[in-house]
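Analysis of the macromolecular model
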2 protein chains.
Amino acid sequence: MPTSTVEQYIKIIYTQREHLGEGVVPMKRLSEAMGVTPGTATTMVKHLDEVELVRYQPRQGVLLTEKGENLALRMLRRHRLIETFLEQVLGYDWSEVHADAERLEHAVSDRFIDKLEDYLGYPEVDPHGDPIPTASGAIEPAIGIPLNTCAPGRRVQIARLIDDDTDFLVYMKNSMIVPGQDFGVRENSAVAGTVTIEHLATRRVVTVGFEPAGRILVSEHG
Amino acid sequence: MPTSTVEQYIKIIYTQREHLGEGVVPMKRLSEAMGVTPGTATTMVKHLDEVELVRYQPRQGVLLTEKGENLALRMLRRHRLIETFLEQVLGYDWSEVHADAERLEHAVSDRFIDKLEDYLGYPEVDPHGDPIPTASGAIEPAIGIPLNTCAPGRRVQIARLIDDDTDFLVYMKNSMIVPGQDFGVRENSAVAGTVTIEHLATRRVVTVGFEPAGRILVSEHG
DNA sequence: TATTATATTTTGAGCAGTCAAAACACTGCG
DNA sequence: CGCAGTGTTTTGACTGCTCAAAATATAATA
Ligand SMILES: [Mn+2]
Ligand SMILES: [Mn+2]
Ligand SMILES: [Mn+2]
Ligand SMILES: [Mn+2]
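Residues numbered from 1 in each chain as written. Chains lettered and ligands numbered in written order. Predicted model: local features only at pLDDT ≥ 70, side-chain atom pairs only at ≥ 80, totals over all residues. Heavy atoms only, no water.

1. Regarding the protein's contact with DNA strand D
For the record, the criterion: Any residue with a heavy atom positioned within 4 Å of a molecule or strand is treated as near that molecule or strand. In protein, a polar contact requires one atom able to donate a hydrogen and another able to accept it; more generally it is a pair of N or O atoms within 3.5 Å, and residues adjacent in sequence count only if both atoms are side-chain atoms. Put simply, DSSP marks the helices as runs of H or I at least four residues long and the strands as runs of E at least two long, and each gets a number from the N terminus on. Nonpolar residues are Ala, Val, Leu, Ile, Met, Phe, Trp, Tyr, Cys and Pro. Charged residues are Asp, Glu, Lys and Arg, and all others, Gly as well, are polar.
Inspection of the region around DNA strand D gives 19 residues, with Thr3 of chain A together with Lys28, Lys46, Tyr56 and Arg59 of chain B positioned closest. Sugar plus phosphate, as a fraction of atoms of DNA strand D within 4 Å of the protein: 83%. In the environment of DNA strand D, a phosphate oxygen lies 2.7 Å from a nitrogen or oxygen atom belonging to the backbone of arginine 59 of chain B. Listing elements by their share of the surface near DNA strand D, those giving two or more residues are helix 1 (4–20) and helix 3 (38–50) of chain A together with helix 2 (27–34) and helix 3 (38–50) of chain B. Sort the elements by how many residues they give to the surface near DNA strand D and helix 3 of chain B lands first, with 4 residues. Each residue belonging to the surface near DNA strand D can be placed in one class, and the counts come to 8 nonpolar, 7 polar and 4 charged.

2. Some remarks on the relation of the copies chain B and chain A
Note on the chain copies: they are related by a rotation about an axis and a translation along it. Here is the rule we go by: To line up the copies, we fit them by least squares on C-alpha atoms, keeping just the residues with pLDDT of at least 70 in both. Note on contacts: a residue pair qualifies if any of its non-hydrogen atoms lie within 4.5 Å across the two residues.
For the match of chain B to chain A, the screw axis carries a shift of 0.0 Å, the RMSD comes to 0.1 Å, and the turn is 180 degrees. Taken together, the rotation and translation relating the two chain copies correspond to the operation of a two-fold axis. Most of the interface of chain B is mirrored in chain A, where 100% of its interface residues are also at the interface.

3. Section: the pattern of salt bridges
All names here are of chain A. Stated formally: One side-chain nitrogen of Lys or Arg within 4 Å of one carboxyl oxygen of Asp or Glu is enough to make a salt bridge. For every residue, the accessible area obtained with a 1.4 Å probe (protein chains only) is divided by the maximum for its type, and the residue is called buried under 20%, exposed over 50%, and partly exposed between those limits.
Going through the model one piece at a time under the given rule, you end up with 30 salt bridges over all chains. A salt bridge links arginine 78 to aspartate 110; the shortest N-O distance between them is 3.0 Å. Linking arginine 78 in helix 4 (residues 66–88) with aspartate 110 in helix 6 (residues 110–120), this pair joins segments that are 32 residues apart in sequence. We classify arginine 78 as buried; its relative accessible area is 5%. Across the salt bridge formed by glutamate 220 and arginine 154, the nearest N and O atoms sit 3.8 Å from each other. Pair noted here: glutamate 220 is in strand 8 (residues 216–220) and arginine 154 is in the loop between strand 3 (145–146) and strand 4 (155–161), with a separation of 66 residues, a long-range link. Residue classification places glutamate 220 among the partly exposed positions, given a relative accessible area of 34%. Through salt bridges that share partners, Lys11, Glu102 and Glu105 make up one connected network.

4. Let's talk about empty space enclosed by the protein
Here the idea is plain: a probe the size of a water molecule rolls over the atoms and shows the empty space left. Threshold: Computed over the protein atoms alone on a 1 Å grid, cavities are sets of points where a 1.4 Å probe fits but cannot get out and pockets are open sets with protein on both sides within 12 Å along at least five of seven lines; a residue lines them when it has an atom within 4 Å of a point. Grid points are joined across faces, edges and corners, and a volume is the space filled by probe spheres set on the points.
This model, assessed by the stated rule, comprises 1 cavity of 30 Å³ or more. Quantified by volume, the largest cavity comes out at close to 90 Å³. Around the largest cavity sit 13 residues that line it, and Leu104 and Phe112 of chain A together with Phe85, Leu104 and Phe112 of chain B are the ones nearest its centre. Secondary structure elements with two or more residues in the lining of the largest cavity: helix 4 of chain A together with helix 4 (66–88) and helix 6 (110–120) of chain B. Classifying every residue of the lining of the largest cavity by side-chain character gives 13 nonpolar, no polar and no charged.

5. Structural notes on the domain arrangement of chain A
To be explicit about the condition: Delimitation of the domains relies on an automatic or database domain assignment.
Partitioning chain A into structural domains gives domain 1 (4–64), domain 2 (74–141) and domain 3 (145–220). Spacing between the C-alpha centres of domain 1 of chain A and domain 3 of chain A amounts to 30 Å.

6. Let's talk about the protein's contact with DNA strand C
If you check the shell around DNA strand C, you find 19 residues, and the closest are Lys28, Lys46, Tyr56 and Arg59 of chain A together with Thr3 of chain B. Within 4 Å of the protein, the contacting atoms of DNA strand C are drawn from sugar and phosphate to the extent of 83%. Contacts to DNA strand C include threonine 3 of chain B, whose side-chain N or O atom sits 2.4 Å from a phosphate oxygen. Measuring from a phosphate oxygen of DNA strand C, one finds a side-chain N or O atom of threonine 5 of chain B at 3.4 Å. Listed by contribution, the elements that provide at least two residues to the surface near DNA strand C are helix 2 (27–34) and helix 3 of chain A together with helix 1 (4–20) and helix 3 of chain B. Looking at which element gives the most residues to the surface near DNA strand C, the answer is helix 3 of chain A, with 4 residues.

7. Here's the deal with the interface of chain B and chain A
Interfaces are often sized by the accessible area lost when the parts come together. Condition: The term buried area refers to how much accessible surface (probe radius 1.4 Å) is lost by two components on association, counted for both of them together.
Facing the 18 residues of chain B at the interface are 18 residues of chain A. Both faces considered, chain B and chain A share a buried interface measuring about 1,800 Å² in area, 59% of it formed by carbon and sulfur atoms. When the shortest N-O distance is used, the salt bridge between arginine 111 of chain A and glutamate 96 of chain B registers 3.1 Å. Scanning the region where chain B abuts chain A turns up 11 residue pairs in polar contact (both at pLDDT 80 or more). Listed by contribution, the elements that provide at least two residues to the side of chain B that touches chain A are helix 4, helix 5 (97–104) and helix 6 of chain B. No other element matches helix 6 of chain B, which puts 5 residues into the side of chain B that touches chain A.

8. Observations concerning the coordination of the manganese ion (ligand 3)
Note on metal sites: the ideal angle is 109.5 degrees for four tetrahedral donors, and 90 or 180 degrees for six octahedral donors. Test applied: Distances up to 2.8 Å from the metal define which N, O and S atoms are donors, and 3.2 Å serves for Na, K and Ca; water is absent from the atom set, so sites may look incomplete.
Taken together, Gln8 of chain B (OE1), Glu102 of chain B (O), Glu102 of chain B (OE), Glu105 of chain B (OE) and His106 of chain B (NE2) make up the full set of protein donors to the manganese ion (ligand 3), lying 2.0 to 2.4 Å away. The motif formed by the donor residues of the manganese ion (ligand 3), counted along the single chain, is Q-x93-E-x2-E-H.

9. Digging into the packing of aromatic side chains
Formally: Only centres within 6.5 Å qualify two rings of Phe, Tyr or Trp (six-membered ring in Trp) as a pair; their planes then separate them into stacked at under 30 degrees, edge-to-face at over 60, and tilted for everything else. Each ring is checked for a lysine NZ or an arginine CZ that lies within 6 Å of its centre and within 35 degrees of its normal; such an atom marks a charge sitting over the ring.
As enumerated under the stated definition, the model contains 3 aromatic pairs over all chains in all. Arranged with centres 6.4 Å apart and planes meeting at 50 degrees, the rings of phenylalanine 85 of chain A and phenylalanine 112 of chain B form a pair that is tilted. Taken together, the residues span two chains, with phenylalanine 85 of chain A in helix 4 and phenylalanine 112 of chain B in helix 6. This pair shows no difference in class: phenylalanine 85 of chain A is buried, exactly as phenylalanine 112 of chain B is. Of note, arginine 215 of chain A hangs over the ring of phenylalanine 168 of chain A, and the distance from its end group to the ring centre comes to 4.3 Å.

Listed below in C-alpha cells is the structure:
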C-alpha cells in the first residue's frame, strides 16, 4: 500500500500535469507544488519510478503510468467527495473545505468513500466545480474555459475555480464568483492585464488580474 | 502538535489504565496493546515523559499527566464520535466501525469534530456504549458492571462492550448481545468458568466464558 | 564561442519510529 | 542465599522522508 506521502505526490503530479496541458512535469514545479526542496522531489520521483507509479526522465520531468493515474484518480475521488461532504452536510464554509480534505483523503477507506458517495446521492462535481471520478475511475472532462479568454459582451456562468489557495477562494466568494453565478464580461484588456465582469443579479462590477482570471473557469451561454 | 503515533500511545495508556483500575501501566501491557516491541515502547515513553505527557517510572510503568489526560480525552472524543457517525449515518455494521475510526481520529480537525457532534445531535454514547467526552473534556463515568459479577435470577440490560476486538464484537452481535438488549441471568458458575444468559425477547440462551463476560458490561434492573 | 543564469542531481546528515538481540534488574522460589 | 524466570532497558541498525549545500547539466545571452 502506498504511504500518504506517495499518494500526495501522485495526486499533485496529476493535477500539475493537467495545469500544464501537455508534456512532462518538471521537478521545479513538482517540488514547489509539494512544498519540498527540489532534491527531495528528485529522490522521491526516482522511488516512484521504481515502483512503476511514474516514468521519470532525468533532467526532463515525470509522467504518471497507468497505475499512477489510477491512484491519482482514486485520490481525487476521495478529496472531492470529502469536500462535498464537509460543505453540504457539516456546513463548512465553501472556502475552508480544502485543508481538512487534504488530510482526510489519506485516512479514509474505500468502504468509507463508497458509502459516503451513496449518502451524498452520487454528486458529479465538488463545491469548487471539479468533477468527481467514479469508483471505477471514470472522470468527466473538466468543463469551462478560462475567464481571461472571454471577449467583452459575452455572458458567462462560473463553472469551476482552481482550489489550491484559500485566500483566492475567500476573495472570489466575497465577489460572488462561485460556481453557478452568472456574469457579463465588460472588459478584457491584455495590456492592462485585467478582466472586468459584472454580476448580473446584483449589477456588482469586479475587476480581476489576468493570472487569477485564468483560474476562474466559465461556460459561455446566451 | 503531537504526531498520530503519540496520540495513539496516549489514548492506549488511558484505556489500559482504565482497564487496570489502578496503579501505573507496565511496559509489557503497553507494548502489547500498541502492537510494538517492549524496547520501542520504552523509548517512546521516555520521549513522552520529556514532553510532559506522561510520568515514567523506570521499571514500574507509566501514568498520564494532566496534559496527557486532556489529549487522551480529546482522542476518545474523536474516536467515539467518528464511530457513531460511521454507524448511524453511513450505515456501517456495528462491528466494523472500529478499524476506520482508528485511522480517522488522527486526521480530523477540532472544527470537524465539533460540527460532526452537532450534526449527530450530541450523542452521549458511541455504538458500543462508551461515553463520549464533551468538547471541554468532561466525561460521564462509564456505566455498567461486568456480566460475570451478576447473580443468577437477575435481569440485566447490556450497557457496553469493550470494543478492541472485531471477532468478539461479531460474535456478540450474532448472539443479540448489543447495547440496549435485555437478558436474564440463568447461571453464573465460577467453577465451570461460564455465565449463561437468556435473551428475553427471543428466549435464546447463550453461554459465554468468564473472561469475555468481563468485557460485557450491564446494568441491573427490575 | 565563452559566460552566466537556472534547473537538476548528488551527497551527507537528521528526525521519528521501529525491530532484534544482548544486557540488565527484579521477582519468587528451592 | 543463589538461581531461574520474567519483565525491562540498552544498543545498533534500518526505513521513509526530509533539508542544506555542493556538484553538475542545460539553456540563454553576450
Ligand atoms: Mn493530501
Ligand atoms: Mn475541490
Ligand atoms: Mn488510532
Ligand atoms: Mn467504541
